[in-house]
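This is what each chain is made of:
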Amino acid sequence: MMRHMAAGADRIFLVCGATDFRKQIAGLTAMVSLQFKLDPYEESHVFIFCNKKKDAIKVLHYDQDGFVLATQKLLDDLEFQWPKTPSEVEEISLQQIEWLLAGLEIEQKKALRPIKKKASDTCH
C-alpha cells in the first residue's frame, strides 16, 4: 500500500523527526499547510510521517474527493531508519522510499546515482 501511494506521486515529502500519532487527517493536513507551507490538497503529493518509536509510519495523500491515510506498523522490535532532524520536511525519491521500507537509511552513500546526459554533451 505504501509503495502504491508513493509510486503515483510526483513529489514525496518525508516529515523528519517524530510526529504525534494521535494526529489524524485534520491534524496532519494542518501541520503540512501551516508548519511546512505545502499544499496537502495537491493530488500529486504524498506526505510521510513517523512516530517516536520509529516502528510505524503514516502516509497522507489527497485523492480527488478526500484524503487517504495509511499506517504501517512494524513488528518484532524492528524500526525504520528515520531522519532525526526535527521540524523539517525533505523531498525524497521513490528509490529512497524503497530503502526506507527495507529498513535502510534514505541516504545510501554507495548507491549509484542517476546520471542525466544529453547527446549534445558527448563528443560523438
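Because the structure is a prediction, the values reported are computed rather than measured.

Colleague: How would you explain the overall build of the protein chain if you had to name every residue and give the values?
Modeller: Counting its secondary structure elements, the protein chain contains 3 helices and 5 strands. Listed N to C, the secondary structure of the protein chain is α-β-α-β-β-β-β-α in terms of helices and strands. Taking the principal axes of the C-alpha coordinates as reference, the protein chain spans close to 60 × 35 × 25 Å. Long-range contacts, defined as pairs at least 24 residues apart, comprise 58% of the intrachain contacts of the protein chain with a sequence gap of at least 6. Per element, the accessible surface of the protein chain, about 8,200 Å² overall, is 52% carbon and sulfur. Of the side chains in the protein chain, 17 bear a positive and 18 a negative charge, and the two mean positions are spaced by 6 Å.

Colleague: Before we move on, could you go through unusual backbone geometry and cite the residues and values that matter?
Modeller: Positioned with a positive phi, K37 is a non-glycine residue whose angle comes to about 55°. By relative accessible area, which is 65% here, K37 ends up exposed.

Colleague: Mind laying out the sheet that holds strand β5 (residues 89–92), listing which residues take part and the relevant values?
Modeller: Taken together, 5 strands build an open sheet; the order of strands is β4-β3-β2-β1-β5 and the sheet is mixed. Looking at strand neighbours, the two that pair on one side only are β4 (67–73) and β5, the edges of this open sheet. Taking each pair of neighbouring strands and ignoring which way they run, the sheet shows an average axis angle of 25°. Relative to strand β2 (residues 45–50), strand β1 (residues 11–15) runs parallel, the two being bridged by 4 bridges. Counterpart to L14 in the pairing with β2 is I48.

Colleague: Kindly report on the pattern of salt bridges, identifying the contributing residues and their values.
Modeller: A full pass over the atoms with the stated rule returns 3 salt bridges. The partner of R11 in a salt bridge is E91, and the shortest N-O contact between them spans 2.9 Å. Here R11, found in strand β1, pairs with E91, found in strand β5; they are 80 residues apart in sequence, far enough to count as distant. Judged by its relative accessible area of 35%, R11 is partly exposed. The partner of R22 in a salt bridge is D20, and the shortest N-O contact between them spans 2.8 Å.

The rules behind each value
Residue positions within a chain follow its written sequence, with the count starting from 1. pLDDT decides what is reported in this predicted model: residues at 70 or higher carry local features, side-chain atom pairs at 80 or more are listed and counted, and totals for whole chains, interfaces and linings draw on all residues regardless. Note that water and hydrogens are dropped before the side-chain values are worked out from all heavy atoms of the structure. Where helices and strands are cited, they refer to DSSP runs of H or I of at least four residues and of E of at least two residues respectively, numbered from the N terminus. Pairs of residues are marked as contacts when any of their non-hydrogen atoms sit within 4.5 Å. Residue burial considers only the protein chains on display, and all accessible areas are found by Shrake-Rupley using a 1.4 Å probe. The charge count treats Lys and Arg as positive and Asp and Glu as negative. His and the chain ends do not count. For charged residues, the charge sits on one atom: NZ in Lys, CZ in Arg, CG in Asp, CD in Glu. Per-residue accessibility, obtained with a 1.4 Å probe over protein chains only, is compared with the maximum for each type, and a residue is labelled buried under 20%, exposed over 50%, and partly exposed between these values. Think of it this way: DSSP has to see at least two bridges between two strands before they count as a pair. Lines fitted to the C-alpha atoms define the axes, with helices restricted to the stretch that makes contact. Angles between their N-to-C directions range from 0 to 180 degrees. Salt bridges are counted wherever a side-chain nitrogen of Lys or Arg sits within 4 Å of a carboxyl oxygen of Asp or Glu.

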